[in-house]
Every structure is written in C-alpha cells, then in structure tokens.
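The lines below spell out each chain.
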There are 2 protein chains.
Amino acid sequence: MARKSDVTRPRLSREAIVAGAVALADAEGLDAVTIRRLAQEHGVTPMAMYWHFSDKDSLLDGLAEHLIEAVKLPAPTDAPWDAQLREVLAAFLVAVRPHPALANLTLRRILAAEPGLEIAERVLELLQRAGFTPARGAEVGTFLVCSIITLVAADPSPAPPRPEVDEDQARRDKLARLASLPPERYPRVIAAGPALVACRDGDDYFDLNIDLLVEGVRGVRRR
Amino acid sequence: MARKSDVTRPRLSREAIVAGAVALADAEGLDAVTIRRLAQEHGVTPMAMYWHFSDKDSLLDGLAEHLIEAVKLPAPTDAPWDAQLREVLAAFLVAVRPHPALANLTLRRILAAEPGLEIAERVLELLQRAGFTPARGAEVGTFLVCSIITLVAADPSPAPPRPEVDEDQARRDKLARLASLPPERYPRVIAAGPALVACRDGDDYFDLNIDLLVEGVRGVRRR
DNA sequence: TCAACCCACTGTACGACGTACACGACCCGC
DNA sequence: GCGGGTCGTGTACGTCGTACAGTGGGTTGA
C-alpha cells in the first residue's frame, strides 16, 4: 500500500480521521464519506479505521459530536429569555452552517454527549423561564433545534459534486423550469421562483426564520 | 427465478413497485428499500426494475411524489389567512406522518411535480395575503414546509428494526441514561427526560409546533 | 399464417461498499 | 531481549447499484 510519504507517516488518530471526513463531506457530500475513501486519503488500509471506530456509524457519531462541540454557547446574561433564546439558536446555526452535508447527523445525537446536553439544558432553562412546563419545553425545544438543523440541511442539492459551475447551471435550469410553468395556474410560484431556487448564502433567510421561531415560541407561550 | 405464483404473475408496474417500496420503508426503514429486495418481493429479477425506473434515484423520486400526491389540500375559504395556513400545513402533516422514513425524500422534490406545485402556490398565496413580498414569502414558505417534514422525520430511530419491543427497550435505556446524569448540571434535561425520549405518537407535539409556526409567521409579518 | 417487431424481463458480470478474521510489525517497561 | 499492548495489513465475504447483451411472448402487418 502506498504511504502518504516515503518516510514515516504521522500516526493516525480519531481526530485526524474526523477532520478528514468533515473536509470530505464539505467538498463532496456525505455519500463521499466512505471508510475506504478515508483510509486512502490517510494512506492506510480500510481496516485501519476500525481500530479508531468500531464501525461506520460510530464514525458518524464522531462527526456529529465534532459539529456540536463547535457550538459557542453565549454566556447567560440578564437579557429577557427570548433575546437569549435567539442567541443560543443563532450560535447553533453558526456552528452547523458551514457543514450542511453533516447537519442531519446531529438530529438524533444531540443528547449523546456533553456539549449537546449543555445546549439542551440551556434551551430548556430559557423555555422554563418563558413559562413552559418541562414537558412542553421539551417538545418546543426539540422542535427548535430540529428546525435549525433543517434550515441548514434543506438548502443544498443532495450532494454537491465537484464543479460549482454545474451547481449554478442546475439552479438556472430549475429556475427556467419554474418560469415555463403555466402562469395562470402558478403565478406566485413563478414570481417567487428566484427566491425558491436561490442558494441560501445570505444571512437574510436564516435571520428571518430564526426570528420566526422565536416569535412562534412567544406566541404559544400561554397554553 | 421463483415466481410469486406458479401461474402467470400480474404484470409489474411503476405503481406496484412504489406501493411495495412504501410498505417496505414503513416496516423496515429506508435502508431496507433496495432494488434487489423490491425485485425479490415481486418475484422478479433486479434488472426488471430498470424498465420502470431509470435508476434508484428516480425510484425515490417516485416515492416522494407518491407522498406529496397524498396531500389533501383543503378548499380555499374566506377564513383569515392564518387559519387557512394552519389547515394547509396540517394537511401536509397528515399525509406525511404515516411514512416518517420517507418524509425526508420530499424535502427537495416538492417543486418537481404538479401536486407539490399546487401546495407551493397555495402557501405563497396565503403568505402574500399576510403581507409578505414574493421573495420573503418564498423564504418563509420554504421553511414552513421543511419544518413540517422535519417534525415527522426527526422523530423515530434511524431505521425501525423488526421488533417493536426492542424499540421500547431502546427508549427506556436512553431515558435511564438521562436520568443518571449529574442532577446539579442538567436538572432540566433530567426533568424533561420522558418528554425528550417519548415517541411522538400523540397529536400534542404536532399541534403545538404547527401553532408555533403559524404564530411565528404572524410575528414576523411586519418587516 | 407467419415473420417481424417491440415490450418486459432474464442472466451475467463489474466495481464499490461495510466489515469479520487472522496475521504481523512496532514500541514499551521489565 | 522479550512479552504484551497498540496499531495496522491482507484476504475474504456478502451486499449494493447497474452496464450490457440476450430472450420469450404478445401484437401486428402482409
């Protein structure tokens, strides 16, 4: 097997594997994250991965944990609960947004490790302060976090392939298809076409919808 | 190859394949939906599928379309926009909820066929009536639909395996893990444990969060 | 009536995937 | 110098999607 270099290769490690996997997922999508592919990129046999991870699923656990660890939870202040809630959700968004291909992995793994528990505790505390019972708070909090993840994950094409020229082209094609719909049946879809097809690289989309969530929480507070 | 019956087998069709795939996904999760497995269940060679679908992805397209077609859009009334929006979102939820394993497929395929376009048009119309510009309406509407899907898809374990006794056991284990956390660090996580771990089989969770979304839309309306 | 045709399906094969199992090589303290 | 962890190799198996080349049976035109 060809080594990465002729001299000694820097020892493999959990962290190095995870970092490589994250980079790979960012560049080519989650489907490109393969035991064999990662091994190859580290100049190593596929089976070498199994010393550091018991199986592929635990590798994905590692990726999710990596994302969740990156959340920089803002320090508690004496600002009102809704302002603080917005900050917490925004912090989560900021951490996850660079890795849309991995966002979905965090969906079911937030409560699996300490950093995620910290986030959950914080959200539940703010929701309790807002007047929710623990059960209601859990339901709302679960939904909030899931929504942030979806906000990020729902955006891109299933898996961004190599050339970003292609991606643009695909978007243009999609827009053209919308534009060619019968205008008497779908006037608003056509009018909104550019916004429906656009990639969410501005902050507007995220700001607006985080606001929507927080406003929603305020709205259902009394129940 | 063994036929499903000794006598002539009823001709294969797109619809039959999709129906089988939906049933399979409901029973054993999306991972069980395999070209080979479907072929076997129809008493047919794997390659026979490729007469009806160009590849697996177009089969998944078919599944998504099947779900979206099932949405029973309520007739327009002269009720206020927010009440109607709630009805539309609820209708979407009702159609998707029986098939959590397939919900995510609809995320990027709503605008691919006519029934989905109809839904989009309707949502955009209501949002326009609420005072949103087409662009803003598109951003909010996209998020609303994605949220409904997430509401359904985020719930179950990755893929429900065979015995539902196991599923209950897994839930109990997870709850026990939460309960054994240090109470001084995670008091609210522990208090909310049952609600965090519970399966969302009651309507409460969905009703509450649809309300949250509609209230959120009302909240961000003026911008 | 019979050859021609096409639809729906078969058969075989290939490369990629996750991973079980057995086997080294390296490095450490004793 | 040597025995036992730590880390990695080599080989193999079963499963996946699917390319490509056949093939049989129903319909059709002469």
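Small disclaimer: the values here were computed from a predicted structure and weren't measured.

Visitor: Would you take a moment to explain the packing of aromatic side chains for this structure?
Guide: For any pair of aromatic rings, the description consists of the separation of the ring centres together with the inter-plane angle of the planes. On inspection of all chains with the given rule, the structure shows two aromatic pairs over all chains. Geometrically, the ring pair formed by Tyr205(A) and Phe206(A) is edge-to-face, given 5.4 Å between the ring centres and 80° between the ring planes. Sitting over the face of the ring of Tyr205(B), Arg200(B) holds its NZ or CZ atom 4.4 Å from the ring centroid.

Visitor: Help me understand the protein's contact with DNA strand D in this model?
Guide: Around DNA strand D lies a shell of 17 residues, among which Arg11(A), Thr45(A), His52(A), Arg36(B) and Lys56(B) are the nearest. When the atoms of DNA strand D within 4 Å of the protein are sorted by group, sugar and phosphate make up 59%. Here a sugar or linking oxygen of DNA strand D sits 3.5 Å away from a polar atom, N or O, in the side chain of Arg11(A). At 3.1 Å from a phosphate oxygen of DNA strand D is found a side-chain nitrogen or oxygen belonging to Trp51(A). Looking at the surface near DNA strand D, the elements with two or more residues in it are helix H3 (49-52) of chain A together with helix H2 (35-41) of chain B. Counted by class, the surface near DNA strand D contains eight nonpolar, three polar and six charged residues.

Visitor: Before we go on, may I ask you to explain helix H8 (residues 134-153) of chain B in this structure?
Guide: An α-helix turns once every 3.6 residues. As a result, residues three or four positions apart point the same way. The end-to-end C-alpha distance of H8(B), which contains 20 residues, comes to 28 Å, matching closely the 28 Å that a straight helix rising 1.5 Å per residue would cover. Among the 20 residues of H8(B), 16 are classified as buried, and the element is accordingly described as predominantly covered.

Visitor: Looking at this structure, how should I read the environment of Asp207(B)?
Guide: Within the secondary structure, Asp207(B) sits in helix H11 (residues 204-220). Residues Asp207(B) and Arg86(B), spaced 121 residues apart in sequence, show a C-alpha to C-alpha distance of 9.7 Å.

Visitor: What should I look at first to understand the interface of chain B and chain A in this one?
Guide: One frequent convention defines the size of an interface as the accessible area lost when the parts assemble. With 57 residues of chain B at the contact, the number on the chain A side is 57 residues. With both chains or domains summed, chain B and chain A bury close to 5,200 Å², and 65% of this area falls on carbon and sulfur atoms. Between the two partners, chain B and chain A, sit six salt bridges. Our enumeration of links across chain B and chain A arrives at 16 residue pairs in polar contact (both at pLDDT 80 or more). Within the residue set of the side of chain B that touches chain A, elements represented by two or more residues are helix H7 (114-130), H8, helix H9 (164-179), helix H10 (187-197) and H11 of chain B. With 13 residues, H8(B) is the single largest residue contributor to the side of chain B that touches chain A. Among the residues making up the side of chain B that touches chain A, the classes are represented as 32 nonpolar, eight polar and 17 charged.

Visitor: Could you clarify how one ought to interpret the environment of Leu181(B) in this entry?
Guide: Structurally, the position occupied by Leu181(B) is in the loop between H9 and H10. Look at Leu181(B) and you get buried, because its relative accessible area is 14%. Separated by 124 residues in sequence, Leu181(B) and Asp57(B) have C-alpha atoms that sit 43 Å apart. Those residues within four positions of Leu181(B) in sequence are excluded, and the remaining contacts are Leu117(A), Tyr186(B), Val189(B) and Ile190(B).

Visitor: Any chance you could explain helix H5 (residues 81-96) of chain A here in plain terms?
Guide: All names here are of chain A. Taking 1.5 Å per residue, 16 residues should reach 22 Å; H5 reaches 23 Å between its end C-alpha atoms and fits that length. Among the residues making up H5, those that are buried are Trp81, Asp82, Gln84, Leu85, Val88, Leu89, Ala90, Ala91, Phe92, Leu93, Ala95 and Val96. As for H5, its buried residues are in contact with helix H4 (56-69), helix H6 (100-103), helix H7 (114-129), helix H8 (134-153) and helix H11 (204-220).

Criteria and thresholds
Residues numbered from 1 in each chain as written. Chains lettered and ligands numbered in written order. Predicted model: local features only at pLDDT ≥ 70, side-chain atom pairs only at ≥ 80, totals over all residues. Heavy atoms only, no water. Phe/Tyr/Trp six-rings, centres within 6.5 Å; stacked < 30°, edge-to-face > 60°. Lys NZ or Arg CZ within 6 Å of the ring centre and 35° of its normal. Near = heavy atom within 4 Å. Polar contact = N/O pair within 3.5 Å; in protein donor to acceptor, adjacent residues only side chain to side chain. Helix = DSSP H or I, 4+ residues; strand = E, 2+ residues; numbered from the N terminus. Nonpolar A, V, L, I, M, F, W, Y, C, P; charged D, E, K, R; others polar. Expected span 1.5 Å × (residues − 1). Buried < 20%, exposed > 50% of the residue type's maximum accessible area, 1.4 Å probe, protein only. Contact = heavy atoms within 4.5 Å. Buried area = accessible area lost by both parts, 1.4 Å probe. Salt bridge = Lys/Arg side-chain N within 4 Å of Asp/Glu carboxyl O.

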